Amino acid sequence: MFKDIFRKTKYVTINSNQKQNRSSEVPRQEEAAIVSKKELPDGLWVKCPKCGEVLFNKNLDENGRVCTTCEHHFRISAQGRLALLVDENSFEEWDSELNTMDSLEFPGYEEKLLEAQQKSGVLEGVVTGRARIEGIPFVVAINEAGFMMGSMGSVVGEKIARAIERAIELRLPVVIFSTSGGARMQEGILSLYQMAKTSAALGKLAENHLLYISVLTDPTFGGVTASYASLGDIIISEPNALIGFTGPRIIKQTMRQELPTGAQTAEFNQEHGLIDLIVARTQMRPELARLLRYHQEGAEYGSTI
Amino acid sequence: MAQLFEFEKPIAELEHRISELQKFSADKGIDLSQEVDTLEKKVLLLKKEIYGNLEPWQKVQIARHSERPNFYDYAPLLFEDFIELKGDRLFADDHSIAGGIALFHGVPVTVVAQVKGKDTKENIKRNFGMPHPEGYRKAIRLMDQAEKFGRPILTFIDTPGAACDLGAEERGQGEAIARCLLAMSGYHVPVISTVIGEGGSGGALALGVCNVLLMLENSFYSVIAPESCASILWKDTTKAKEAAAALKFTAKDLLRLGVADELVREPQGGAHNNLHQTADELSEVISKYLVRLRSESPEVLRETRYQKLRKIGMFRESAEINLTKKLD
């Protein structure tokens, strides 16, 4: 029965021509299937947690699960993200078989893993591979929020490091979408050193003059903020995403310090010089294509792009 | 009176009885040397028993001992000449990270260390050893100079974690730590890191990307503080003892997991019982590895460090679910 849960997923993709139209305000019928059935709540309607507007679930999907009233970005799965982002049939997944070990025999970890795998329908907290955006090839990694909040253990670190190393071999740019609570407690020191592993791999990528774009999505914290998420040549965030090193609850507990309203949002981080661009999910595809195009091999100054 | 832990009380009681016997014997002129002898042997055995089988939580207590030697205690004993250099050139000088240049066995080295205070006043100055972004940026500045001038880098880890206040967030704590990891992974000089006390999470790791990781016998190095782990797991910070065991963060655990390279012995009961002895042990082990690393080429140093990081982690290459426990 588990076989069914972990079968190769077909990625629903969108015709690139339709998405290229940046001024398109009206959601298209073709985009209706961007979110897998699994993450649809049972009801037809969903209430926006930000503005309270009751939204028709189908409309929400059509808009990339961005509230049509207040532009609140609902969290989406890695699959949903891929479907919104990359050219049809262009995604090739890597290391999908990489699986977790309870290396420390940590209390309750096996149960937690099994539960996360059943609930999310994926094996671990990141999906990696290569794909194209508007025809431009790149290497992509996307954290899976639905899997133990995208926390980084051995598998997440290894998959990201391998993806970066393959990008160097293939001479491709890398785009990583972070959604993570940080390093995964249950793998102890091994999780902690995944921060060093992924950062070191990005060092090699940089040395090879290859582009790395880090896209921060809600939430990105802890060991992920303190490693690959902060090392982008260009750092992008979705609007209003919560981003930081220490979570607000911990700051409150340990420092007895109440954070001001709006602290740790994407906008706060941008104001403090930590983020280049804030890009709405609905605009992410053309924006990434635009940035990637600047960095294509042979796109040096003076040559025709 | 030195800070005494619960598990040390049986030893203290015996020692107290010995001194009472000795006093009684001297006062009354009665020979009690045989009784004293027996008790002293008993104390030795008890110490061996207790200190030889310390539980992870007991090691945590020793690593956090108020008199545990910090970097400033070791510096004059390890180095012939330590010149402290300050500031990140961007914002401020962070007092929870010290750094500079020094002579180690006659070799010029760059030193960067986290420093906790010994009393409340010093702890406030040093933010309890919790560095802010400017501390990490100072570390990078100094380590970059080591790379520039071909000096080996010695780092000393001793922090409960990176600073976790609003200022740290505003100035990019995550970015500062990430930059440390990136910078250290790229150096062509030997990097030796030693955990001398507490190795708390990402804030500690920022100085721990190295060719060789050494750990003092009673130090620990963890992804999360045992108290926070207990709070997440069991919603109960008093279960820190159980969390300490689950996290597998002692020097022995890290050796077994392929993260640490060698354990540096401490005097019985912990480094605070004999600073000079601990410094001698540290000096000897660091020197042994430094001699070895200095014979390697810059490229090899860098690549072996990368490969060391690449190997850390455990996973399987099979999507099959074959966990030993099953959900109901």
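Everything numeric in this text was worked out from a predicted model, so none of it was measured.

**Q** Before we move on, could you go through the overall build of chain A and cite the residues and values that matter?
**A** Counting its secondary structure elements, chain A contains 11 helices and 10 strands. Counting all 305 residues of chain A, 52% fall into the buried class. Long-range pairs, those at least 24 residues apart, make up 69% of the contacts in chain A with a sequence separation of at least 6.

**Q** Please give an account of the overall build of chain B that cites residues and values.
**A** Along its length, chain B carries 14 helices and 9 strands. A compact globule built from 328 residues would reach a C-alpha radius of gyration of about 20 Å, and chain B, at 22 Å, matches this within 12%. Looking at chain B as a whole, 47% of its 328 residues are labelled buried. Contacts spanning at least 24 positions in sequence make up 71% of the contacts within chain B whose residues lie at least 6 apart.

**Q** Could you give an account of the pairing of strand β9 (residues 234–237) of chain A, naming the residues involved and the relevant values?
**A** As paired strands, strand β8 (residues 212–220) of chain A and β9(A) are joined by 4 bridges and run parallel to one another. Note that in β9(A) the partner of Leu216(A) across the bridge is Ser237(A).

**Q** I'd like to hear about the sheet that holds strand β5 (residues 126–133) of chain A, residue by residue, with values.
**A** Residues and elements named next belong to chain A. Strand order in the open sheet formed by 7 strands is β3-β5-β6-β7-β8-β9-β10, with mixed pairing between adjacent strands. The two strands at the open ends of the sheet, each matched to only one other strand, are β3 (92–94) and β10 (277–278). In the packing of helix α4 (residues 78–85) onto the sheet, the strands contacted are β5, β6 (136–143) and β7 (174–180), and the crossing angle to β6 comes to about 160 degrees.

**Q** Any details on helix α13 (residues 275–294) of chain B? Residues and values, ideally.
**A** Residue and element names in this part refer to chain B. Here α13 is 20 residues long and its end C-alpha atoms lie 28 Å apart, about the 28 Å a rise of 1.5 Å per residue gives. Where α13 is concerned, the buried positions are Thr278, Leu282, Val285, Ile286, Tyr289, Leu290 and Leu293. Looking straight down α13, one finds that the buried residues subtend no more than 135 degrees of arc, so they occupy a single side. Those residues of α13 that are exposed and angled more than 90 degrees off the buried face are His276, Glu284, Val291, Arg292 and Arg294.

**Q** Go over the confidence of the model for chain A with me, naming the residues and quoting the values.
**A** Taken as a whole, chain A shows an average pLDDT of 87; of its residues, 84% reach a score of 70 or greater. Predicted confidence is poor over residues 12–40 of chain A, with pLDDT under 50, and the contacts of this stretch with residues over four places away or in other chains come to 51 contacts.

**Q** So, the interface of chain A and chain B: which residues are in play, and what are the values?
**A** If you look at the interface, chain A gives 59 residues, while chain B gives 51 residues. Here the side of chain A that touches chain B gets 14 residues from one element, more than from any other, and that element is helix α7 (residues 188–207) of chain A. Considered class by class, the residues forming the side of chain A that touches chain B number 30 nonpolar, 23 polar and 6 charged. Alignment of strand β4 (residues 98–100) of chain A against strand β9 (residues 315–317) of chain B, held across 3 bridges, turns out to be antiparallel. Each residue of the ladder has a partner; that of Asn99(A), found in β9(B), is Arg316(B).

**Q** Can you lay out the nonpolar core for me, pointing to particular residues and giving the numbers?
**A** By size, the foremost hydrophobic cluster in this structure holds 152 residues, and its most contacted members are Val174(A), Ile189(A), Cys180(B), Leu181(B) and Met215(B). No other element matches the 10 residues that α7(A) contributes to this core. Non-local contacts of Cys180(B), meaning those with residues more than four positions away in its chain, are made with Tyr136(B), Ala139(B), Ile140(B), Ala206(B) and Leu207(B).

**Q** Can you lay out unusual backbone geometry for me, pointing to particular residues and giving the numbers?
**A** All names here are of chain A. For the peptide bond that leads from Asp218 to Pro219, omega is -10 degrees, which places it in the cis range. Assignment of secondary structure puts Pro219 in strand β8. A positive phi angle, close to 50 degrees, is found at Glu105, a residue other than glycine. As for its position among the elements, Glu105 is in the loop between β4 and α5 (109–120).

**Q** Kindly report on the domain arrangement of chain B, identifying the contributing residues and their values.
**A** Each assigned domain of chain B is listed here: domain 1 (6–53) and domain 2 (60–311). Using only C-alpha atoms to locate each centre, domain 1 of chain B and domain 2 of chain B end up separated by 38 Å.

**Q** How would you summarise the environment of Phe177(A) if you had to cite specific residues and measurements?
**A** All names here are of chain A. Tracing the chain through its elements places Phe177 in strand β7. Accessibility expressed as a C-beta count within 10 Å gives 27 for Phe177, which makes it buried. Sequence-distant contacts of Phe177, that is, excluding residues within four places in its chain, are made with Arg81, Ile142, Asn143, Val215 and Thr217.

**Q** Would you mind going over the packing of α7(A) against helix α14 (residues 298–311) of chain B in detail, with residue names and values included?
**A** Two numbers describe a pair of packed helices, the interaxial angle and the distance between the axes. Direction vectors running N to C along α7(A) and α14(B) enclose 130 degrees, while the axes themselves pass 8 Å from each other. Taken together, the axis directions place α7(A) and α14(B) in an arrangement best described as oblique. Judged by the sense of rotation from one axis to the other, the crossing of α7(A) with α14(B) is left-handed. The residues of α14(B) that touch α7(A), namely those facing Tyr193(A), Ala196(A), Lys197(A) and Ala200(A), are Tyr306(B), Leu309(B) and Arg310(B).

**Q** Before we move on, could you go through the pairing of strand β4 (residues 153–159) of chain B and cite the residues and values that matter?
**A** All names here are of chain B. With 7 of 7 residues buried, β4 is to be regarded as a mostly interior element. Neither face of β4 is left uncovered, since the one carrying Ile153, Thr155, Ile157 and Thr159 and the one carrying Leu154, Phe156 and Asp158 both have all their residues buried. Examined bridge by bridge, strand β3 (residues 107–114) and β4 share 4 bridges and lie parallel to one another. From the neighbouring strand, Val112 faces β4, where its bridge partner is Thr155. Pairing of β4 with strand β5 (residues 191–200), which is carried by 6 bridges, proceeds in the parallel orientation. Among the inter-strand pairings, Ile157 is bridged to a residue of β5, identified as Val195.

Rules behind the numbers
- Residues numbered from 1 in each chain as written.
- Chains lettered and ligands numbered in written order.
- Predicted model: local features only at pLDDT ≥ 70, side-chain atom pairs only at ≥ 80, totals over all residues.
- Helix = DSSP H or I, 4+ residues; strand = E, 2+ residues; numbered from the N terminus.
- Buried ≥ 20, exposed ≤ 12 C-beta atoms within 10 Å, placed from the backbone.
- Contact = placed C-beta atoms within 7 Å.
- Rg over C-alpha atoms; globule rule 2.2 N^0.38 Å.
- Pairing = 2+ DSSP bridges.
- Axes fitted to C-alpha atoms, helices over the stretch in contact; angles between N-to-C directions.
- Expected span 1.5 Å × (residues − 1).
- Arc of directions from axis to C-beta.
- pLDDT = per-residue confidence, 0-100.
- Nonpolar A, V, L, I, M, F, W, Y, C, P; charged D, E, K, R; others polar.
- Core = buried A, V, L, I, M, F, W, Y, C linked by C-beta atoms within 7 Å.
- Domains from an automatic or database assignment.
- Parallel < 35°, antiparallel > 145°, perpendicular 65-115°, else oblique.
- Left-handed = near helix turned anticlockwise from the far one by under 90°.

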